[in-house]
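One letter stands for each residue in the lines below.
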Amino acid sequence: MLTLASLQSFIALPIIYIFSLDFRKRERIEVSPRRKKILSSRIVGDHSNCYQRPKTMKDNDDKYEKAERGSTKILPKTALLILLCGLSFYLGGLYCGKNKLQVNDVAKAGSSLDVVDNSPQVKSVSFPECSSDYQDYTPCTDPRKWKKYGTHRLTFMERHCPPVFDRKQCLVPPPNGYKSPIRWPKSKNECWYRNVPYDWINKQKSNQHWLKKEGDKFHFPGGGTMFPNGVSAYVDLMQDLIPEMKDGTIRTAIDTGCGVASWGGDLLDRGILTVSLAPRDNHEAQVQFALERGIPAILGIISTQRGVYLLEVHRILRPGGFWVLSGPPVNYENRWKGWDTTVEAQRSNYEKLQDLLTSMCFKMYAKKDDIAVWQKSSDNTCYNKLSNDPDAYPPKCDDSLEPDSAWYTPIRPCVVVPSPKLRKTGLESTPKWPQRLHATPERISDVPGGNGGLFKRDGSKWKARAKHYKKLLPAFGSDKIRNVMDMNTAYGGLAAALVDDPLWVMNVVSSYAANTLPVVFDRGLIGTYHDWCEAFSTYPRTYDLLHVDGLFTSESQRCEMKYVMLEMDRILRPNGYAIIRESSYFVDNIASVAKGLRWSCRKEQTESESENEKLLICQKKLWFLENKVTTAKYRFFVLLQSQEGV
C-alpha cells in the first residue's frame, strides 16, 4: 500500500482540497452586495404588493356603506361578499408566502431593515426510518451505485451524488447495540465493536496489527502496512529525517491510504494536526474507524478530479513542504522479493519516480530504510525553466487554471506554479505553531474586503461566542465532545477559540462563498470545501457537535432546508449536539424540522442578545429500529417552496 504524508499545504490553496475530489466541474456563483440589497428590497416590495389591493377593498367598502343604508334584506348578500373577500385575501397570502424571496440575515449584513414579521407557511410531512441496510449510508459514495460509473482510475469511487428525485428522505438508523463512543483520549486505542461492526478488515489486516477484536471492543495496537510493529517508532524515524516536525514548523499533514489512521493519531500527540484520507472500498470503513477513534478523517480518492497523483501532491503542498513515501519502490534493494516483482523492475520504477519528481521541482531531502522524503522547491527558479522549455513534461499550467479550484474540478496534467506575489506562505516564512494561529495570514488580502483589522475583530468575536456557547452547553469543551464541524466557517474563528479544548474542528467553507479556506490553512487549521445542497463525504454518526452560523439564511435560495437537516442528522452521533445560529426569521422553522428529526431543542439568546438572530441548542436522541416508533408520532414541517428557493 502506498502511504503518503504530505506535510504542510500548498501556496495557493492548502492541504485539504484534495478531499473534495469529484466527477464534475461546478462554477462558483457570487452575488454582489448591491445585488443582495436589491433582492432584499424586492422582498419587502413583493410582500407588500401581495396584500395591497386598494381598488378591491375600496369597492367593498362602498358596498358595505350601501348595505348599511339599505334594507336588512341584503344582509345575506353582504355576508357572502365578506366571506368571498376573506377567502380571496387568505389565498393571496398563501400565494405570496410561496413565492417571496428570503431576506438576508440583517445582523450579518450590518444594516437595519424593516422586515414584516410574517413566518413562511409550513405543512406537516410524515417521515419514516430507513431500513437497517442503510445504517452506513454514504449518499455520494454509495456502493449500490458503483455499477453505473466507469472503472477507469477508480472513477466509481469518486463523489456521485443522487439527483433530487432519488434522495433518501428517511432517518438513518444506528446499528443494533450502538453505544455512546468511548471518550478521548481512551478512544484512540479502542472503540465499541457494535458502533463499527465490520469483520472483514479485522480478518484481513490483523497480521499487520491495524486492529484486533477482543470481546465487545476493537483495539488498535498502532500497526500499519509499513509499520506492523508499531507506529511510534516509525514516526520517530520520520522526525529524525525531518527535524521541522519537532519545532512547530510543520503543523498540518495529510495521510492518503490511511488505514485506521494510526499515523495521524500518533502525530496528534506531537502537535501535528493530521487528516486521514481514504475512499470507501473493500477495506470497508477506514474513515469511519478513524472518526470513531476521534481522529480527523474524510472520504476521498485521488482519481480523475484534481488527481494526477503527484501533480495533486505538488498542488496542495506549501513551498518548502515535504512529501513522504513509504512503500514500493522505496528500499527496493531489500524489499523487492516480498513485492512479487524483480529487482530490475523496482530499480526502474524508482529511477522514473526520481526523474518525474525532479521535473516537478522536488528534491530528495532524506532517505533511510523504508522512508524517503522529498521537499518541494521554495523559490520559482525551477518553474522558470518549465516556462522556457516547450518540451517540458509535465508542463507548467497556463493562467486559465485556477489553482484554488478543487470542487468538481477535472484533472489537468500540468504543474501549478506558486504565485510570485505571495512571499510569506512558504514553509520557511510561515510563523511556527502556535504563533501562526493568530498571526494575520498574507492571503487574507485575496478575500474580498479582507484585511488585518477584520481578521483580529473576527478572532475577538469568536472568543466571546465560544465562551457563551460553553455557558449554554456545559458539555462543550469537555471530553464529551471530540469531533466538531463548523459547517460554514469564514476564517476558522470558532476552531481557533477552541484550540485548547480536547477536540478538533473540521472547518467547512461553502463552495459558493468567498474563498477563505487558504486563511484557515495558513492558521494551522484543517478544512475543506463543500456544497450543503449535497451530502458530506463522511460516514453516518461521525461528529459529536455541528455548528451552523447563518447557513440557512445564506443558502436558502439554493438548498432545501429539509435535505440539509437530514444530512446533519445522518452525520451527527446519537446524543450529539447542534448549535444553530440563525436569523430570527428562520429559527422557529428550523426547530420544527428538528422536532421531526427527533431532536430536542431550546431557543436561547446570543451573547449580544440581538433581536435579529437567535440560537438553537439541540441534541439528537438515540433510537433503534427494534423499538420502532410509529412515524405518525414524528412529523416535521417543511417550508413551502417557490421556484426561487425557500
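Residues numbered from 1 in each chain as written. Predicted model: local features only at pLDDT ≥ 70, side-chain atom pairs only at ≥ 80, totals over all residues. Heavy atoms only, no water.

The name given to the chain in an unreviewed UniProt entry is Methyltransferase, with the source organism recorded as Brassica napus. Check the Sequence similarities (unreviewed entry) section of the UniProt entry for the chain; it says "Belongs to the methyltransferase superfamily." (UniProt positions renumbered as here; feature names shortened; annotations may be inferred.)

Caption draft 1: Structural view of the state of the cysteines. One pass over the structure, following the stated rule, counts six disulfides. Bridging Cys-140 to Cys-161, the disulfide has an S-S length of 2.0 Å. Measuring handedness by torsion sign, the sulfur bridge of Cys-140 and Cys-161 sits at about 110° and is right-handed. Taken together, the positions of Cys-140 in the loop between β2 (122-126) and β3 (190-192) and Cys-161 in the loop between β2 and β3 put the pair 21 residues apart, joining distant regions of the chain. For the residue pair Cys-140 and Cys-161, the accessibility class agrees, reading buried in each case. Disulfide partner of Cys-601: Cys-618, at an S-S distance of 2.1 Å. With the S-S bond torsion at 115°, the cross-link from Cys-601 to Cys-618 turns out right-handed. Linking Cys-601 in strand β17 (residues 599-604) with Cys-618 in strand β18 (residues 613-620), this pair joins segments that are 17 residues apart in sequence. With a relative accessible area of 30%, Cys-601 lands in the partly exposed category. Classification of Cys-618 as buried rests on a relative accessible area of 1%. (Disulfide = S-S within 2.5 Å. Helix = DSSP H or I, 4+ residues; strand = E, 2+ residues; numbered from the N terminus. Buried < 20%, exposed > 50% of the residue type's maximum accessible area, 1.4 Å probe, protein only.)

Caption draft 2: Spatial organisation of the sheet that holds β18. Read from one edge of the open sheet, seven strands run β14-β13-β12-β15-β16-β18-β17, paired in mixed fashion. Each of the sheet's edge strands pairs with one partner strand only, and the pair in question is β14 (527-530) and β17. Strand-to-strand twist of the sheet, defined as the mean angle between neighbouring strand axes without regard to direction, takes the value 20°. In the sheet, strand β16 (residues 572-583) pairs with β18 via seven bridges, with the strands oriented antiparallel. (Pairing = 2+ DSSP bridges. Axes fitted to C-alpha atoms, helices over the stretch in contact; angles between N-to-C directions.)

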